[in-house]
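Examination of the molecular architecture
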Amino acid sequence: MTRFRLLMLVPVLLLPGFAAAQTVAVTMSNTDWTYTRNLADHIAAALDAEGVTDVTMMNAAGDRQAQLAAIGDFIAADVDAIIANLLATDDGLRVSRMAAEAGIPLVYVNLEPINGTALPEGQSYVGSDETESGTLEFGFVCDRLEGEGSVSFLIGDLGSSAARVRTQDYYALLETPRCAGIDVMDEGFANWSRDEGQALAASWIEAGRVPDAFVANNDDMALGALDAIQAAGLDKAEILVTGIDATEVALRAMDDGLLDATVLQNAGGQAAAAVEAALALARGDADVPRLIYVPFELVTPATRGDLPATN
Amino acid sequence: MTSLLTRTVSGLTFRITGAITLIAVMMAAALLVAALILDSFSKEMDKLVDQDVPDLLSAAEIMARSNALPQGFAQLLMATTQQELETAATGAADALDAFFDVARTRPPRQAIDLADRLSALKFGMLSLAMAREDEIAAADGFAEGLATLSGIFVSLAGTERAAGIDFTQMLSLAFQVSRSTDDAALQLLGRQLQSQLDSAGFALMVSDPAISADLLSLSEGESDLLGLRRTELAARAEAHDQASAALLAVERLGEGAAGLAREALEGLNSDARILQADSAAAERELITLGIVAFIIVLAAVVATQRTIVRPLQSLIRRTRKLADGDTAAMDGARRRSGEIGDLTAALTVFRDNIISNRRLEEEARRTAEAQEEQRREAEKQKIEAERAEMERKAAQEREALERDRAAQEETQRREAREAAEREARQKEQQRVVSILADSLSRLADGDLAASIDTAFPESYEALRENFNRTLSALARLVSVIRDSSGNILASSTEISSVTGDLARRTEKTAATLEETAAAVAQLTASASSAAENSRATEKAAQQARSEAQASQDIVRSTIAAMEAISESSDKISRIIHVIDDIAFQTNLLALNAGVEAARAGESGRGFAVVASEVRALAQRASDAAREIGTLIGQSNDNVADGVSRVAQTGSALDGIVGLIDNIAENISALATTADEQSLSVKEINTATNQLDSVTQQNAAIFEETSASTMDLTREAQILSEEVAKFRGDAGAEEAGPDSRAA
């Protein structure tokens, strides 16, 4: 329904001259991160496609204060809409208030603000429902193991709600008949990092604890587990390794027959939905939903071919 | 085949090897048992150090932190300026972020659960801070507006431009708005204030445009007084709600933390019990092992003494006696098997030879005596024969003499040969005995190279071979003993080092636990101080409350004073009325006097002037009285206004008292929680101290074990030294008697 309504907006937005004189300001968390860089590129492309020429693109490069200051500047400049990819979920309350007081439409993208479920009028969050991602990933593992075997979880940073929700997805699946015969051999925090993932998986392998599958909260940690498996000289064919994000490096690993599954967080889809929502809010459309979810997609070697070259 | 087996089983090699094997097996068993004990012990110890203690510490830390959180919230609630609020908010955010770090030390499931609660708490905290920020900003804006209004009042009061504008009324309304908490009352007062501000603003628009704009801005727009007050009230309500929710969340967090601490304590307790049981069992096993080892070593020593040393000593004794010619030396020698048996048998044969030699000697002597007898008999016969022959044949005499001489010569030759033979045999015997005695004495001195290399006469060759074989068997045995004792020494050194290692590790664990105990003690102190802080805050809040109540009393007495003033004013009004009446009467009298003076004509002219003056005076008195009346009326109004304002202040104070009550109640709850948590932390402290003492005891036990193992090592060393006393070249030990014979 949500998507349908958004799709209905597209022809309206494409009308010639509609977007003329629109000013849109965008702030990105850190374009050094592959996914964020891709998201920024997709947003720029989507804005260009909508005919918005007056675009301010700001990269906070990991600096929270700089990002808050930039949003203050956008509001002072009275832009028509703001698209914010926040660095810290905690800043959501303040940013929302600043924008709401100035009456400027605001769309959060990718990172859910702490007030994501209590956004004021004229603001939306575009992202993907994390209860889907973990379920898609671990469900695939359970099916491949035919509901019997052992798994080890590599968990992201505890402070991030994505890491918590994805891991809770795994736990929830363990209670279902689909994964009832699966035992959790080990689990630990690797804070999204390939190096930490490698170190953690290597310590388990060294202790003689080799599971049937390494299930990671993201692709980088899954790649770390693959590094550990190769370093220990184990037979990769006997161990499943899965991640989330479908990054370029991860997809190459899948093409090399190493990664068994990942979950695509559709950067292009999120960018397009965020731009659509921002322009609709700027136009005064009161029907824009507060929460816009772009579906996750499971990527396996079988479905690999359907993907775009980059995400 | 059977005889070979019997020889092997009864041989010296077998006996000594058996004894050494027993000791070696015992050592191996001891090592194995020690290793097993060590393994299970060190596993438990590792679990305690790597898991249980950190678990307990992090649980205690979570409790201490959740204990400190409400204080941060209280600071947020009590902040009165933006700066104070920002400090409190930063402190609370830092405390929560640090809490995440603690959560990371828990197992993932618990960590995620904690992080979810923390995340919700953080949202509550941020919302609370935001609401408080709004409230303080609105209150500050209102205060600023009020200051503007009184500034305008001071600058315009009394001027003509301000005529018709009742600033007192406006200020009074604004003050009431600033204190009103009821929505309907606020609406009413606010509308009145707005309309007055508007009319004043419009009135001054031409003469004082700046002031007019100020007044209008207080009525509508960003600095709208009513709006600011409403914002403040809404934000306060929001802050209150958020604080209640956050307090509830903190309580749940504290409960969760207490649960974690309980679990950690239970885990620690059970593991400590296992450890204690393990150490008791280990002690028992080690003692049993020690006793068994002692018995076996003793048995081995006794067996060696009985089966090897004593027979050898007795053999040496007997050989010495034999060398001294005592053939009875071999009497009563026990029949034995093996090398010593062979040696005994050979010596017995040797003795038998000596005995038979003696018998031969005796026989030879007896033969010689018999021959002498024979010869004497023969001589006697010969004399008789000579006598007969001399009588019979003279020719036959020469022949008979010839034959006798030949027989005599033959006998003499035989006797000489026999004597030489006896002498040679005696010499040989003496040589054999002396070589044997010499070699045996060297052997007795521990010289294993004392083999007999000189060939013995054929009949004694078996003796030499047996001796050499015994010697080489002994040499081999000594080498085996030397090797084995070397091994034993190595094993016991290893055990000693392993036990030493265990003792060191136990000591280290004890030290770690001691540190833990100290850390927990510190934590206890901090928890108690947190509880004390909460109590102090509670006391301060109560003091604030009593001060507010005292203020209420002052307000009440002020109201009474005001009312007294109001009453006095009423009385003054009445007096003024009387004065006015008198003035009126005087006026009338003066008028009458004037009329009478006019009637009197010229003579009354002076009186008329006086009357007119009196009238003017009466008029002035009347005017003055009216003026005073107006002023008193005004003052009455002011007093009434004051009374109502003071009454408002009273109700505002009521509100404040209520608010402080609320805060005091919250803080009291916090103090109770803090007390409880400090109690739990104290329990943890006691548990850790107990654990510490148990581990210290274990450390002591292991030190003892280590000491006894050192004793064992020393024993092995002594054994090794004893064996080393045996001399002997490597060749003699390695080459067998057969190769030497060949």
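What you see is a predicted model; the values in this text were computed from it and never measured.

1. Considerations on the overall build of chain B
If you tally the helices and strands in chain B, you get 14 helices and 0 strands. For chain B, the sequential pattern of α-helices and β-strands runs α-α-α-α-α-α-α-α-α-α-α-α-α-α. For chain B, with 742 residues in total, the buried portion stands at 30%. Of the contacts made within chain B by residues no fewer than 6 positions apart, 82% connect residues no fewer than 24 positions apart.

2. Points about the overall build of chain A
Summing up its helical and strand segments, chain A has 10 helices and 12 strands in all. Counting every position in chain A, which comprises 311 residues, the buried fraction comes to 50%.

3. A closer look at the pairing of strand β2 (residues 54-59) of chain A
Judged from the 6 bridges that link them, strand β1 (residues 23-28) of chain A and β2 of chain A form a sheet pairing that is parallel. Residue pairing for β2 of chain A: V26 of chain A is matched across the bridge by M57 of chain A.

4. Details of the interface of chain B and chain A
Counting from both sides, the interface comprises 14 residues of chain B and, opposite them, 14 residues of chain A. Element by element, the count of residues in the side of chain B that touches chain A is highest for helix α4 (residues 108-156) of chain B, at 11 residues. Here the residues of the side of chain B that touches chain A are counted per class, giving 9 nonpolar, 2 polar and 3 charged.

5. Here's the deal with the confidence of the model for chain A
All names here are of chain A. For chain A, per-residue confidence averages 89 on the pLDDT scale, and residues scoring 70 or more make up 91% of the total. Looking across chain A, the model is least confident in helix α1 (residues 2-14), with a mean pLDDT of 45, and most confident in strand β8 (residues 213-216), with 97. Across residues 1-20 the pLDDT falls below 50, and counting only partners more than four positions away or on other chains, this stretch makes 18 contacts in the model.

6. Concerning the nonpolar core
Nonpolar side chains tend to gather and get buried jointly when the protein is soluble and globular. Judged by nonpolar contacts, the single largest core of 122 residues is most densely connected at L154, A222 and A225 of chain A together with L76 of chain B. In terms of residues, this core owes the most to one element, α4 of chain B, which gives 18 residues. Excluding residues within four positions of it along the chain, L76 of chain B makes contact with L85, A88, A89, A92, L128, A129 and R132 of chain B. Among the nonpolar cores identified, the runner-up in size contains 46 residues, and F74, A99, A280 and I292 of chain A belong to it.

7. Observations concerning the UniProt feature "transmembrane region" (unreviewed entry) in chain B
In the numbering used here, UniProt assigns the "transmembrane region" (unreviewed entry) feature to residues 12-38 and 286-304 of chain B. Helix makes up 100% of residues 286-304 of chain B and strand 0%, whereas the separation of the span's terminal C-alpha atoms amounts to 27 Å.

8. Looking at the sheet that holds strand β11 (residues 291-293) of chain A
Residues and elements named next belong to chain A. Overall, parallel pairing links the 6 strands, which are arranged β2-β1-β3-β4-β5-β11 in an open sheet. Only two strands of the sheet have a single neighbouring strand rather than two, namely β2 and β11. Averaged over all pairs of adjacent strands, the angle between their axes in this sheet comes to 15 degrees, without regard to strand direction. Sheet analysis places strand β3 (residues 81-84) next to strand β4 (residues 106-109), joined by 3 bridges and oriented parallel. Within β4, the residue paired with A84 across the bridge is Y108. Contacts between helix α2 (residues 34-49) and the sheet are confined to β1, β2 and β3, with β1 contributing the most and set at about 175 degrees to the helix. Along the sheet face, helix α10 (residues 267-282) touches β1, β3, β4, β5 (123-127) and β11 and points at about 170 degrees away from the line of β5.

9. Considering helix α9 (residues 338-391) of chain B
Over its 54 residues, α9 of chain B runs 76 Å from end to end, which matches the ideal 80 Å to within 8%, given 1.5 Å per residue. When we look at burial in α9 of chain B, the residues that qualify are G338, E339, I340, D342, L343, T344, A346, L347, F350 and R351 of chain B.

10. Section: the packing of α4 of chain B against helix α7 (residues 209-219) of chain B
All names here are of chain B. Where α4 contacts α7, the two axes come as close as 10 Å, and the packing angle between them is 145 degrees. The two elements α4 and α7 meet at a crossing, and its hand is left-handed. Where α4 abuts α7, its residues G145, T148, L149 and I152 lie against I211, D214, L215 and L218. Among the residues forming the contact of α4 with α7, the class breakdown is 5 nonpolar, 2 polar and 1 charged.

11. Overview of the packing of helix α6 (residues 183-203) of chain B against α7 of chain B
All names here are of chain B. Two elements in contact, α6 and α7, have axes separated by 8 Å at closest approach and are oriented at 160 degrees. Taken together, the axes of α6 and α7 lie roughly antiparallel to each other. The two elements α6 and α7 meet at a crossing, and its hand is left-handed. When α6 is examined against α7, the residues Q194, L197, D198, A200 and G201 are found in contact with a partner set consisting of S212, L215, L216, L218 and S219. Classifying every residue of the contact of α6 with α7 gives 5 nonpolar, 4 polar and 1 charged.

12. Comments concerning the sheet that holds strand β7 (residues 181-189) of chain A
All names here are of chain A. Taken in spatial order, the 4 strands of this open sheet run β7-β6-β8-β9, and their pairing is parallel. The sheet is open, and its two borders are formed by β7 and β9 (240-242), each paired with just one other strand. Across the sheet, the mean angle separating the axes of adjacent strands is 20 degrees when strand polarity is ignored. Relative to β9, β8 runs parallel, the two sharing 3 bridges. Residue pairing for β9: F214 is matched across the bridge by V241. Relative to strand β6 (residues 148-155), helix α7 (residues 194-206) is tilted by about 145 degrees, and along the sheet it contacts β6, β7 and β8. Against the sheet, helix α8 (residues 219-231) engages β6, β8 and β9, with an angle of about 150 degrees to β8.

13. What about the pairing of β7 of chain A?
Residue and element names in this part refer to chain A. Across 8 bridges, β6 lies against β7 in parallel orientation. Following the sheet pairing, G149 is matched in β7 by I182. Traced from β6 through helix α6 (residues 161-174) to β7, the parallel crossover comes out right-handed.

14. Overview of the environment of A199 of chain A
All names here are of chain A. Structurally, A199 can be placed in helix α7. Taking the C-beta count within 10 Å as the criterion, A199 has 15 such neighbours and is therefore assigned partly exposed. A199 sits 26 residues away from A225 along the chain, and the two C-alpha atoms are 8.2 Å apart.

15. Thoughts on the confidence of the model for chain B
All names here are of chain B. On average, residues of chain B score 76 in pLDDT, and 81% of them are at 70 or above. When mean pLDDT is compared element by element in chain B, α6 scores highest at 88, while helix α14 (residues 737-741) scores lowest at 37. With pLDDT under 50 throughout, residues 729-742 is counted as low confidence; its partners more than four residues away or in other chains account for 19 contacts. Both scores are available for the predicted complex, with the pTM at 0.57 and the ipTM at 0.82.

16. Structural notes on unusual backbone geometry
Residue and element names in this part refer to chain A. The residue N110 is not glycine, and still its phi comes out positive at about 70 degrees. With respect to the element layout, N110 can be found in the loop between β4 and β5. Residue N110 is classed as buried on the basis of its 23 C-beta neighbours within 10 Å. Positive phi, normally seen in glycine, also occurs at W192, with a value near 70 degrees. Considering the arrangement of structural elements, one finds W192 in the loop between β7 and α7.

17. Some remarks on the environment of F99 of chain B
Residue and element names in this part refer to chain B. Checked against the element boundaries, F99 lands in helix α3 (residues 82-103). Given 23 C-beta atoms within a 10 Å radius, F99 is considered buried. Sequence spacing of F99 and A115 is 16 residues, and the spatial spacing of their C-alpha atoms is 8.6 Å. With near-sequence residues (within four places) excluded, F99 lies in contact with R65 and L118.

18. Observations regarding helix α9 (residues 248-255) of chain A
Residues and elements named next belong to chain A. Those residues of α9 that sit buried are A250, L251, A253 and M254. All buried residues of α9 lie within an arc of 155 degrees about the axis, which places them on one face of the element. Opposite the packed face of α9, turned more than 90 degrees from it, sit the exposed residues R252 and D255. For α9, the elements touching its buried residues are α8 and β10 (262-264). With its phi angle positive at about 80 degrees, G257 sits one or two positions after the end of α9.

19. Brief notes about the environment of R104 of chain B
Structurally, the position occupied by R104 of chain B is in the loop between α3 and α4. Residues R104 of chain B and L114 of chain B, spaced 10 residues apart in sequence, show a C-alpha to C-alpha distance of 9.3 Å. With sequence-adjacent residues up to four places away left out, R104 of chain B is seen in contact with L158 and F189 of chain A together with A111 of chain B.

Each value, and the rule that gives it
- Residues numbered from 1 in each chain as written.
- Chains lettered and ligands numbered in written order.
- Predicted model: local features only at pLDDT ≥ 70, side-chain atom pairs only at ≥ 80, totals over all residues.
- Helix = DSSP H or I, 4+ residues; strand = E, 2+ residues; numbered from the N terminus.
- Buried ≥ 20, exposed ≤ 12 C-beta atoms within 10 Å, placed from the backbone.
- Contact = placed C-beta atoms within 7 Å.
- Pairing = 2+ DSSP bridges.
- Nonpolar A, V, L, I, M, F, W, Y, C, P; charged D, E, K, R; others polar.
- pLDDT = per-residue confidence, 0-100.
- Core = buried A, V, L, I, M, F, W, Y, C linked by C-beta atoms within 7 Å.
- UniProt positions renumbered as here; feature names shortened; annotations may be inferred.
- Axes fitted to C-alpha atoms, helices over the stretch in contact; angles between N-to-C directions.
- Expected span 1.5 Å × (residues − 1).
- Left-handed = near helix turned anticlockwise from the far one by under 90°.
- Parallel < 35°, antiparallel > 145°, perpendicular 65-115°, else oblique.
- Right-handed = clockwise from strand over helix to strand, strands pointing away.
- Arc of directions from axis to C-beta.

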